[in-house]
Amino acid sequence: MGKEIQGIVMEINPRSCIIMTREGEFHKVPRPAHKVMVGEEIKTQLPLSSRSKWIRLSSIAAAAMIIMLVGWYFYRTAMPVAVAHVSLDINPSIELSVDQNSCVIDGIGYNEEGKLLLVSVPVIGKNVYTAIADLIAVAIQQHYLDPNKENVVFTTIVQAEPAVAVNAVPVVEEDLVFQAIISSVETVNIPVEVMITKADPKLQQQAKQTGVSTGRFLLYQDALKDEPNLKDTDLKTRSLKDLKIKQWSDKYRNQIKGNRNVNLRNWPNKNKNEFDQD
């Protein structure tokens, strides 16, 4: 026989009992010679075979837990983490999440047009600049950018906190985003006003909770100053013009990179296929 243990009888069988110790362990032990009842606390000897079985089960459980923890660790470290976000607002409203290698790991369409555009243009795994160039090219094909309209491509870039970004180096550069947009627009000679600005992660999170792109939420916050009754429920349906993008761009011209204040002749002619080589 093994060591003496004490526990409460939980189940009585013809030749054995199941008891629960104060440590919460369950053991199968020989049924005492005297009469016992469920709920009664008894002292008994733990059979060696039972004890060994318990030890084996405990060891197996511990090993399984270790395997699960190690697997979870590798799963977490292998998962791509977004360190930047890029929103594109034309009429389609889209936001791309980018990892430390400047690859797109997620894309969200914040309105029906944005969702349809992402169906037409697979972006996951692409270099962010290639993805942007492809999205603009298809937006032109689907007539979201039209020679007979006043076209605006409004882009916001959100970099992760410096502690997260690799060596605090931007993984999405404004100049290359601009080139990516222009590389698609210039091929069809469509007049487009390109506006690129930066936003902070807190604003991006607020926009995500509201269900709109960072760019639209940025315009909304500024428009509220002149139109206090503007509701955030209007954000998905209102045009950029209705969100007073012209007034916003006039006000924050020094914070915008685009073809208002950039001489296109100084930009190299870069085909969108070249971005994958950067």
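Now for a quick tour of the structure. Bear in mind that the values here come from a model prediction, so they are computed numbers and not experimental data. (Residues numbered from 1 in each chain as written. Predicted model: local features only at pLDDT ≥ 70, side-chain atom pairs only at ≥ 80, totals over all residues. Heavy atoms only, no water.)

## A few points about the pattern of salt bridges
Two side chains bearing opposite charge may form a pair once their charged atoms approach each other closely. Put simply, the test is: We count a salt bridge whenever a side-chain nitrogen from Lys or Arg sits within 4 Å of a carboxyl oxygen from Asp or Glu. Numbering of helices and strands runs from the N terminus, with a helix taken as a DSSP run of H or I at least four residues long and a strand as a DSSP run of E at least two residues long. Burial here depends on accessible area, computed with a 1.4 Å probe over protein chains only, as a share of the maximum for the residue type. Under 20% is buried, over 50% is exposed, and the range in between is partly exposed.
All told, the structure shown has 6 salt bridges when counted by the stated rule. Across the pair E41 and R22 runs a salt bridge, and its minimum N-O distance is 3.6 Å. Within this pair, whereas E41 is found in strand 4 (residues 41–45), its partner R22 is found in the loop between strand 2 (16–21) and strand 3 (26–30), the two being separated by 19 residues in sequence. The class for E41 is partly exposed, based on a relative accessible area of 38%.

## Observations concerning the side chain of D89
To keep it simple, the criterion reads: Here a polar contact means two N or O atoms within 3.5 Å. Within protein one must be a hydrogen donor candidate and the other an acceptor candidate, and residues neighboring in sequence count only if both atoms are side-chain atoms.
By secondary structure assignment, the location of D89 is in strand 5 (residues 84–89). Here D89 falls in the buried class, since its relative accessible area comes to 0%. Side-chain polar atoms of D89 contact the side chain of S93, separated by 2.5 Å.

## Points about helix 5 (residues 201–210)
Our working rule: By definition, the arc is the one covered by directions from the helix axis to the C-beta atoms. Residues are treated as being in contact if the distance between any of their heavy atoms lies within 4.5 Å.
All of the buried residues in helix 5 are L203, Q204 and A207. Viewed along the axis of helix 5, the buried residues span an arc of 100°, placing them on a single side of the element. Turned more than 90 degrees away from the buried face of helix 5 sit K202 and Q209, all of them exposed. Buried residues in helix 5 make contact with strand 5, strand 6 (93–98), strand 8 (151–159), strand 9 (192–199) and helix 6 (214–223).

## Details of the packing of aromatic side chains
Selection criterion: Only Phe, Tyr and Trp rings take part, Trp by its six-membered ring, and two of them pair if their centres are within 6.5 Å. Stacked means planes under 30 degrees apart, edge-to-face means over 60, and tilted covers everything else.
The final tally for this structure, using the stated rule, is 2 aromatic pairs. Both rings, one in F154 and one in W248, keep their centres 5.2 Å apart while their planes meet at 70°; by these two values the pair is edge-to-face. Remark: W248 occurs in helix 7 (residues 245–251) and F154 occurs in strand 8; sequence separation between them is 94 residues. Comparing F154 with W248 shows no difference in burial state: the two are buried. Look at F217 and Y220: their rings are 5.8 Å apart centre to centre, the planes differ by 45°, and that puts the pair in the tilted class. Here Y220 and F217 lie together in helix 6, a separation of 3 residues that amounts to about one turn. By relative accessible area, which is 7% here, F217 ends up buried. Overall, Y220 belongs to the buried group, its relative accessible area being 10%.

## Some words on the pairing of strand 5
The side chains of a regular strand alternate, residue by residue, between the two faces of the sheet. For clarity, the threshold we go by: Strands are labelled as partners when DSSP assigns at least two bridges between them.
Here strand 5 lies mainly inside the structure; 6 of its 6 residues are buried. Here strand 5 shows a buried face lined by A84, V86 and L88 and a second buried face lined by H85, S87 and D89. Judged from the 6 bridges that link them, strand 5 and strand 6 form a sheet pairing that is antiparallel. The residue of strand 6 that forms the bridge with S87 is E95.

## A short note on the nonpolar core
Our working definition: In plain words, nonpolar cores are sets of buried Ala, Val, Leu, Ile, Met, Phe, Trp, Tyr and Cys residues tied together by side-chain atoms within 4.5 Å.
Judged by nonpolar contacts, the single largest core of 41 residues is most densely connected at L96, V128, I132, L135, I136 and V172. For I132, the contacting residues outside a window of four places in its chain are V86, L88, L96, V177, A180 and I181. With 17 residues, the next largest nonpolar core counts L219, Y220, L240 and W248 among its residues.

## Digging into the packing of helix 2 (residues 112–120) against helix 3 (residues 128–141)
To describe two helices that pack against each other, one gives the angle between their axes and the distance between the axes. Selection criterion: The convention used is that axes are lines fitted to C-alpha atoms, helices contributing only their stretch in contact, and that angles between N-to-C directions extend from 0 to 180 degrees. By definition in this entry, angles of less than 35 degrees are roughly parallel, angles greater than 145 are roughly antiparallel, angles of 65 to 115 are roughly perpendicular, and the rest are oblique. Working rule for handedness: look at the near helix, and if it is turned counterclockwise from the far one by less than a right angle, call the crossing left-handed; if clockwise, right-handed. Residue classes follow a fixed rule: Ala, Val, Leu, Ile, Met, Phe, Trp, Tyr, Cys and Pro count as nonpolar, while Asp, Glu, Lys and Arg count as charged, and any other residue, Gly among them, counts as polar.
One way to put it is that helix 2 packs onto helix 3 with a least axis distance of 10 Å and a crossing angle of 110°. Taken together, helix 2 and helix 3 sit at an angle that is classed as roughly perpendicular. Judged by the twist between their axes, the crossing of helix 2 over helix 3 is right-handed. Here L117, L118 and S120 of helix 2 lie close against helix 3, whose contacting residues are L135, V138 and A139. By residue class, the composition of the contact of helix 2 with helix 3 is 5 nonpolar, 1 polar and no charged.

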